[in-house]
Number of protein chains: 2
Amino acid sequence: MKLPPQLTELKVRLHEINDLEMAAALLNWDQTTYMPPGGAAARGRQLATLARIAHEKQIDPALGRLLDDLRAYEDSLSPDAPDAALIRVARRDYERLSRIPAEFTAELYQHVAASYDTWSRARPANDYTAVAPFLERTLDLSRRFADFFPGYEHIADPLIDLADYGMRAATVRALFAELRQGLVPLVEQITSQPPADDRCLYQFFPEAKQRAFGAEVITALGYDWHRGRQDTTPHPFMTKFSLGDVRIAVRFDENDLTSALFSTIHEAGHAMYEQGIDAGFEGTPLASGTSSGMHESQSRLWENIVGRSRPFWEHFYPRLRATFPDQLGTTPLDTFYRAINKVERSLIRVEADEVTYNLHVILRFDLELALLEGSLAVRDLPEAWRERYRSDLGIAPPDDRNGVLQDVHWYAGLIGGAFQGYTLGNIMSAQLYDAALRAHPGIPQQIEDGEFSALRDWMREHVYRHGRALTADEILNRATGSSLDVRPYLAYLRHKYGTLYELA
Amino acid sequence: MKLPPQLTELKVRLHEINDLEMAAALLNWDQTTYMPPGGAAARGRQLATLARIAHEKQIDPALGRLLDDLRAYEDSLSPDAPDAALIRVARRDYERLSRIPAEFTAELYQHVAASYDTWSRARPANDYTAVAPFLERTLDLSRRFADFFPGYEHIADPLIDLADYGMRAATVRALFAELRQGLVPLVEQITSQPPADDRCLYQFFPEAKQRAFGAEVITALGYDWHRGRQDTTPHPFMTKFSLGDVRIAVRFDENDLTSALFSTIHEAGHAMYEQGIDAGFEGTPLASGTSSGMHESQSRLWENIVGRSRPFWEHFYPRLRATFPDQLGTTPLDTFYRAINKVERSLIRVEADEVTYNLHVILRFDLELALLEGSLAVRDLPEAWRERYRSDLGIAPPDDRNGVLQDVHWYAGLIGGAFQGYTLGNIMSAQLYDAALRAHPGIPQQIEDGEFSALRDWMREHVYRHGRALTADEILNRATGSSLDVRPYLAYLRHKYGTLYELA
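Just so we're clear, the structure is a prediction, and the values are computed from it rather than from any experiment. (Residues numbered from 1 in each chain as written. Chains lettered and ligands numbered in written order. Predicted model: local features only at pLDDT ≥ 70, side-chain atom pairs only at ≥ 80, totals over all residues. Heavy atoms only, no water.)

**A closer look at the domain arrangement of chain A**
Size of an interface, as often reported, equals the accessible area lost when the parts are brought together.
All names here are of chain A.
Here is step 1: Each assigned domain of chain A is listed here: domain 1 (5-152) and domain 2 (153-504).
Here is step 2: For domain 1 versus domain 2, the distance between C-alpha centres works out to 25 Å.
Here is step 3: Interface of domain 1 and domain 2: buried area, both sides summed, is about 4200 Å²; carbon and sulfur atoms make up 64% of it.
Here is step 4: Between D80 and R478 there is a salt bridge whose closest N-O contact spans 3.0 Å.
Here is step 5: At the boundary of domain 1 and domain 2, one finds 20 residue pairs in polar contact (both at pLDDT 80 or more). (Domains from an automatic or database assignment. Buried area = accessible area lost by both parts, 1.4 Å probe. Salt bridge = Lys/Arg side-chain N within 4 Å of Asp/Glu carboxyl O. Polar contact = N/O pair within 3.5 Å; in protein donor to acceptor, adjacent residues only side chain to side chain.)

Structure below.
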């Protein structure tokens with residue numbers, strides 16, 4: 001079948017939308033890196049204008065007609081053909097966005113701004129009652145959002161689908177229950193041992209040296225500086241303005257060696273995913289990571305499976321020590337390796353170690369579902385939170401500031417679908433790493449030699465280059481021969497921490 | 001008359017256009033400061049998309065109808081009323097832009113990109129023949145542009161009007177002829193004296209210290225860092241993303257003390273103008289300097305009339321010396337002051353001193369007019385250039401790289417109207433400074449005390465706050481009692497350099 005003229009028009013429209021989105025991303029990046037305080041008010045308006053114009057173009061009925069006209073062409077292609085993927089994903093986006101009335105979006109934006117503002121003051125003030133009415137409304141908006149997609153199995157499904165296309169509450173709930181069942185006793189076992197001594201990490205480490213070392217590490221991993229840069233920001237992130245410009249931003253703490261280092265590796269993992277997308281997808285909706293979970297699989301793979309592994313530090317520890325001879329000169333690798341893998345029962349998700357981290361996520365996911373189902377009331381959320389911390393992690397927050405108020409997600413977006421990606425990512429990271437290892441058994445030795453090409457090239461080939469052309473489930477099945485499966489991840493944790501803590 | 005509803009709609013539309021323009025300005029800023037090389041291709045497309053969408057909105061006939069509907073309301077107001085100014089300026093922009101066919105704009109953009117690209121390789125290669133055909137086409141496009149505005153007196157008028165609203169070729173030509181008549185003999189007189197010794201400026205001055213000193217200076221002048229910041233870039237500029245975010249960017253040369261310093265002051269002068277605009281104009285077409293000339297009057301006022309004055313350095317030289325004791329410890333203020341005001345016959349406009357600078361500009365303006373009039377052919381331009389340098393500056397470039405190829409303007413934009421603003425600015429700077437001095441005779445003493453509020457507040461009151469609500473001519477007349485007049489500027493130069501060089 002010859003190329004229909006509508007395909008060209010489709011691409012023109014999609015490029016235009018992408019240009020507006022990328023421009024907005026730059027405005028956001030600047031807002032959190034370089035913008036002087038006086039620029040804030042106008043910047044908010046400018047972002048709203050770009051979002052509104054992009055949205056008008058995303059739901060333009062003419063775009064829908066083009067997609068209809070292209071159905072015959074799409075059907076004539078292999079589903080793997082780039083044009084087929086483009087039409088398929090563009091239609092998915094169009095159909096989703098067209099179901100959401102403009103008034104709803106406007107109402108949601110306004111509410112989210114007010115809710116975030118209230119939360120940003122309520123959190124330090126430990127004032128859950130201030131945010132509760134906003135949460136009620138967020139919950140109402142989340143349910144209304146779900147109802148734009150009738151026919152769902154669980155009310156959270158349309159919300160989960162936003163970040164992790166194709167995932168359903170039932171699937172995630174079952175996976176998470178299985179993972180939790182494995183994690184709770186593992187945490188028990190580990191924390192019954194004497195805690196690792198991590199004092200070596202909390203000395204004075206000048207920012208410039210931290211920055212240089214982090215840059216050396218991610219250069220070795222394969223972050224492409226020709227198509228990226230690193231800046232400083234209060235809350236670390238990765239962002240992208242094109243496949244040729246994928247930036248990371250982190251925060252430095254001069255009294256903590258690993259906070260910036262691991263977030264640099266984490267964000268570089270996200271960035272390498274984006275940098276690895278097929279250049280032919282540039283400017284289209286295919287030029288993006290395929291799901292929140294798949295994205296997190298890459299940040300966590302490089303941060304944890306690679307970056308907190310023994311072979312990795314066999315290579316890098318001598319270099320780190322040479323960078324900080326006064327601070328680490330007398331600390332053996334063993335001590336350092338145990339320090340960066342210290343497991344402890346803690347209250348704050350973003351500071352949690354690799355083993356307990358998913359328990360923080362799973363309980364949030366379960367609470368989201370309970371809220372949406374109506375089995376948990378907003379007023380009872382703080383107590384439910386404390387209960388789950390007690391049962392899963394063995395400690396409970398003394399206040400809401402360190403409890404239900406700690407994460408921004410529910411206060412700046414919808415409820416349902418906000419958290420599962422983190423743990424789905426961890427699960428996938430182990431599945432993908434195992435598959436890469438089967439293909440290239442020499443990977444651990446390469447890592448010990450400071451060489452990451454086999455792992456990186458495997459990820460690029462099986463994950464990165466596909467962008468959104470394949471779903472997370474398709475990528476997993478093709479790359480690992482299986483859908484989501486918690487066993488490799490549990491096996492990875494049991495092996496690593498079993499060795500570290502000499503567990504039975 | 002009560003507020004018509006169309007006024008609200010007008011403001012909504014103007015804000016939207018402004019938001020798109022400001023977003024594009026940020027994309028441009030990033031492109032020349034932080035963007036990694038890999039981002040270039042997509043950035044070009046993103047800028048083109050933003051420009052196209054803004055342009056569609058600028059020439060939307062619905063905007064024209066609103067402006068028509070608002071004529072009665074406008075007529076009911078005093079011309080000084082903010083709403084009257086807003087409608088007037090919005091109509092001026094609309095009427096200008098609506099006359100330019102979209103195809104012309106597209107053709108021009110494409111041509112300009114190709115022309116710039118060719119020039120950027122032809123300049124280092126000293127290859128005028130490579131750019132000549134592009135210049136021919138630029139000239140053709142410039143004439144076609146002028147013809148969208150029939151009824152002009154001189155074909156350059158519509159082009160001059162773009163940057164310096166209300167100015168005409170005849171007026172500028174007469175002013176420039178008078179100025180040239182005063183400058184040529186002054187340059188003769190000065191350059192017949194022994195040249196100033198400026199070796200003290202060309203030592204090693206570390207960038208960080210240069211930067212800190214420059215920041216101290218512009219903070220004292222009144223640059224507001226809460227609403228701005230400074231970055232590094234190859235070609236210095238000021239840019240703005242709102243009245244609350246007006247940034248400057250300069251280049252540092254560690255072997256030259258004054259290049260970054262004076263360009264910091266220059267760009268801060270532009271920035272203080274924008275920062276001083278009435279906050280009520282935010283987001284509208286009034287929120288901008290009123291003309292290229294008026295803008296340059298402020299950068300040159302702060303850079304030269306203030307920043308290269310004796311009282312200024314009475315205050316700052318001890319500080320500069322304390323910053324660079326090894327380099328300047330034995331250099332007396334007198335020597336330094338003569339060094340920063342060294343006058344010499346030179347070939348490059350952007351490196352020219354205060355006295356010769358305008359001769360560089362005037363000859364370019366005259367050549368632009370001759371090209372447009374057809375009395376000068378593109379092939380004869382290099383020779384005409386050399387002749388004018390010989391007659392006005394007493395030297396001629398040995399090659400085109402240091403001659404007709406040196407400035408980007410003709411190779412990245414239209415011909416006509418590109419240069420006059422620089423010299424109009426110098427002329428105005430002296431008129432405005434004189435008027436401020438009449439109102440506050442203590443200004444020189446304040447400057448010597450490192451205090452700039454009287455001068456700055458006067459400029460804010462008489463120039464800055466008006467934005468585009470008043471034209472350059474209106475501002476000049478209200479603030480100084482006169483239209484453009486070269487005499488104060490000539491008197492300023494004769495007095496300053498007469499004293500410095502002990503001329504008769």
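**Some remarks on the packing of aromatic side chains**
Residue and element names in this part refer to chain A.
Here is step 1: Scanning the entire structure with this criterion turns up 57 aromatic pairs over all chains.
Here is step 2: Taking the centre distance of 5.0 Å and the plane angle of 85° together, the rings of F104 and F148 count as edge-to-face. Highlighted residues: F104 in helix α6 (residues 102-125) and F148 in the loop between α7 (128-147) and α8 (157-163), separated in sequence by 44 residues. The pair formed by F104 and F148 is uniform in burial state, with each residue classed as buried.
Here is step 3: Taking 6.1 Å as the distance between ring centres and 85° as the angle between the ring planes, the aromatic pair formed by W385 and W410 counts as edge-to-face. One end of the pair, W385, is in helix α17 (residues 381-393); the other, W410, is in the loop between α17 and α18 (420-439), with 25 residues separating them in the sequence. (Phe/Tyr/Trp six-rings, centres within 6.5 Å; stacked < 30°, edge-to-face > 60°. Helix = DSSP H or I, 4+ residues; strand = E, 2+ residues; numbered from the N terminus. Buried < 20%, exposed > 50% of the residue type's maximum accessible area, 1.4 Å probe, protein only.)

**Observations regarding the pairing of strand β2 (residues 237-242) of chain A**
Residues and elements named next belong to chain A.
Here is step 1: For β2, the buried fraction is high: 6 of the 6 residues fall into the buried class.
Here is step 2: Bridging between β2 and strand β3 (residues 245-250) involves 5 bridges; their strand directions are antiparallel. Residue pairing in the sheet places S242 in a bridge with D245 of β3.
Here is step 3: The antiparallel pairing of β2 with β3 creates a hairpin that spans 2 residues between the two strands. (Pairing = 2+ DSSP bridges.)

**Side note on the sheet that holds strand β3 (residues 245-250) of chain B**
Here is step 1: One open sheet accounts for 3 strands, arranged β1-β3-β2 (chain B); its pairing is mixed. Two strands in the sheet have a free side with no partner beyond their single neighbour: β1 (230-232) and β2 (237-242) of chain B. Looking at each pair of strands side by side, their axes are set apart by 30° on average, direction ignored.
Here is step 2: Together, β2 and β3 of chain B form the strand contacts of helix α2 (residues 40-58) of chain A, whose direction differs from that of β2 of chain B by roughly 70°. (Axes fitted to C-alpha atoms, helices over the stretch in contact; angles between N-to-C directions. Contact = heavy atoms within 4.5 Å.)

**Some thoughts on the packing of helix α1 (residues 5-33) of chain B against helix α2 (residues 40-58) of chain B**
Helix-helix packing is characterised by the crossing angle of the two axes and by the distance between the axes.
Residues and elements named next belong to chain B.
Here is step 1: Relative orientation of the contacting elements α1 and α2 amounts to 160°, with a least axis distance of 9 Å. Here α1 lies roughly antiparallel to α2, going by the angle between them. The interaxial crossing formed by α1 with α2 has left-handed handedness. Residues E16, I17, L20, E21, A23, A24, L27, N28, D30 and Q31 of α1 lie in contact with α2, whose contacting residues are R43, Q46, L47, L50, I53, A54, K57 and Q58.
Here is step 2: Among the residues forming the contact of α1 with α2, the class breakdown is 9 nonpolar, 4 polar and 5 charged. (Parallel < 35°, antiparallel > 145°, perpendicular 65-115°, else oblique. Left-handed = near helix turned anticlockwise from the far one by under 90°. Nonpolar A, V, L, I, M, F, W, Y, C, P; charged D, E, K, R; others polar.)

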